[in-house]
Each structure stands twice: as C-alpha cells, then as structure tokens.
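Chain residues, written in single-letter form:
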Amino acid sequence: MQYFSFETIIGPITILLEDSKIVRISFGLKKYLCPYLDNVLTIDIKNKIKKFLNGDIKFLDVDYKLIASDFQKEVLTATSKIPYGKTKSYRDIAVEIGRPKAARAVGLALGSNPLPLIIPCHRVIGSNGKMVGFTGGLNIKEYLLFLEQN
C-alpha cells in the first residue's frame, strides 16, 4: 500500500493506493512512515480531484477498489447513482436497497465510505432536508453541495 497527501481548496486530502487503485480517500493530513513520491499516477489523481473540487469536472474518472461489507456495497452502489447536483435522504437510499427501515444503518454505512468524492455520500442528507454527518465535516459537505448546485 502507498499513501500520499496534498493540499486542495477544502484542505489536505490523503489517498491510499493499492495496486495503483485508490482504496481510501481521507480528509486532513495524515502522517505515514513511507512517504510517496509524485509520479504520473499520483499527479493525475491530484489533478482530477482538484478539478472536481473546483467544479471543472462532475465525475472522478479514477481507478479504485471498493473494500466494504456486502451491505455497505449495496448502500454505496445506490449512493453512487445520485446525479451530480441532486440529493437523496438516508431513508430514500434505504428504500432503494429494499430495506425501508434501515435508514440508520445506511447512515452508518455511509459514515464509513472509504471513497468519498468518488462515491458521493455528501449527496445524502437528512429526511428533513438538513445536513447531517459527513466524514470530512459538515463544512466540506456544504461546500460540495453548494458547488454542485451552482
């Protein structure tokens, strides 16, 4: 596994790669024992994420590997289908996966999304329309939703 961190408009982001595929995106600067030097792959990933965060592109076309439980994969697959600029509630996602009473479990699955930005969990909001939960913090969630809706 290889890690690298870089600055963005929303603060530092750390990427974990396994076999040249992204397996985790974390917000905030992480310190690891093995620094990772820039190469064609890391420069490409950085550029795409920066373009996405600036609103220049609407989709992150990067290679990734989703490491999650079957339930999490179900939730994350449904979440990945939310169009750019749109939102759904945790309850909406629960209904879509055939588990209408599992809104809380959906929230927990999204809270452990290893690939935010690629799988846009920021597009999931409370059923009352309020911002709730985001691994990067509500300020980043609000920024991403504002960016997508304007």
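Data block above holds the structure.
Cut-offs used in this document
- Residues numbered from 1 in each chain as written.
- Predicted model: local features only at pLDDT ≥ 70, side-chain atom pairs only at ≥ 80, totals over all residues.
- Heavy atoms only, no water.
- Axes fitted to C-alpha atoms, helices over the stretch in contact; angles between N-to-C directions.
- Helix = DSSP H or I, 4+ residues; strand = E, 2+ residues; numbered from the N terminus.
- Parallel < 35°, antiparallel > 145°, perpendicular 65-115°, else oblique.
- Contact = heavy atoms within 4.5 Å.
- Nonpolar A, V, L, I, M, F, W, Y, C, P; charged D, E, K, R; others polar.
- Pairing = 2+ DSSP bridges.
- Core = buried A, V, L, I, M, F, W, Y, C linked by side-chain atoms within 4.5 Å.
- Buried < 20%, exposed > 50% of the residue type's maximum accessible area, 1.4 Å probe, protein only.
- Salt bridge = Lys/Arg side-chain N within 4 Å of Asp/Glu carboxyl O.
- Phe/Tyr/Trp six-rings, centres within 6.5 Å; stacked < 30°, edge-to-face > 60°.

Draft legend 1. Region of the structure containing the packing of helix H2 (residues 70–80) against helix H4 (residues 103–111). H4 packs onto H2 with a crossing angle of 85 degrees between their chain directions and a minimal axis gap of 9 Å. Judged on the interaxial angle alone, H4 and H2 are roughly perpendicular. Two secondary-structure elements touch here, H2 through Phe-71, Gln-72, Val-75, Leu-76 and Thr-79 and H4 through Ala-105, Val-106, Ala-109 and Leu-110. Residue composition of the contact of H2 with H4, grouped by class: seven nonpolar, two polar and no charged.

Draft legend 2. Structural view of the pairing of strand E1 (residues 2–6). Examined bridge by bridge, E1 and strand E2 (residues 13–18) share five bridges and lie antiparallel to one another. When the bridges of E2 are listed, Phe-6 appears paired with Ile-13.

Draft legend 3. Focus on the nonpolar core. Core analysis: the largest hydrophobic core is formed by 36 residues, its most contacted members being Ile-13, Ile-15, Ile-22, Ile-49 and Leu-117. Sorting the residues of this core by element identifies E1, E2, strand E3 (21–27), helix H1 (40–53), H2, helix H3 (90–96), H4 and helix H5 (138–149) as the ones contributing at least two each. Residue contributions to this core peak at four residues, all from H1. Dropping the residues within four chain positions of it, Ile-49 is found in contact with Phe-6, Ile-13, Ile-15, Leu-60 and Leu-117.

Draft legend 4. Representation of the sheet that holds E1 within the structure. On the basis of which strands lie adjacent, the open sheet formed by three strands has the order E1-E2-E3 and antiparallel pairing. Since the sheet does not close on itself, it has two edges, and those belong to E1 and E3, each with one partner. Along the sheet, successive strands turn relative to each other by an average axial angle of 20 degrees, direction set aside. Across the face of the sheet, H1 comes into contact with E1, E2 and E3 while running at roughly 135 degrees to E2.

Draft legend 5. Looking closely at the side chain of Gln-72. Along the polypeptide, Gln-72 turns up in helix H2. If sequence neighbours within four positions are ignored, Gln-72 has contacts with Ala-109 and Ser-112.

Draft legend 6. The arrangement of unusual backbone geometry in detail. Phi is positive for Asp-19, close to 50 degrees, though the residue is something other than glycine. Assignment of secondary structure puts Asp-19 in the loop between E2 and E3. Asp-19 gets classed as exposed once you look at its relative accessible area, which sits at 69%.

Draft legend 7. Examining the pattern of salt bridges more closely. Counted according to the given criterion, the structure contains five salt bridges. Close ionic contact of Lys-88 with Glu-96 constitutes a salt bridge, the shortest N to O distance being 2.3 Å. The partly exposed category is assigned to Glu-96, whose relative accessible area is 40%.

Draft legend 8. Broad picture of the packing of aromatic side chains. Overall, the coordinates contain three aromatic pairs when judged by the stated rule. Between the aromatic rings of Phe-4 and Phe-6, the centroid separation amounts to 5.9 Å while the plane-to-plane angle is 20 degrees, which identifies the pairing as stacked. Residue Phe-4 is classed as buried on the basis of its relative accessible area of 5%. According to the relative accessible area criterion, Phe-6 is buried, its value standing at 7%.

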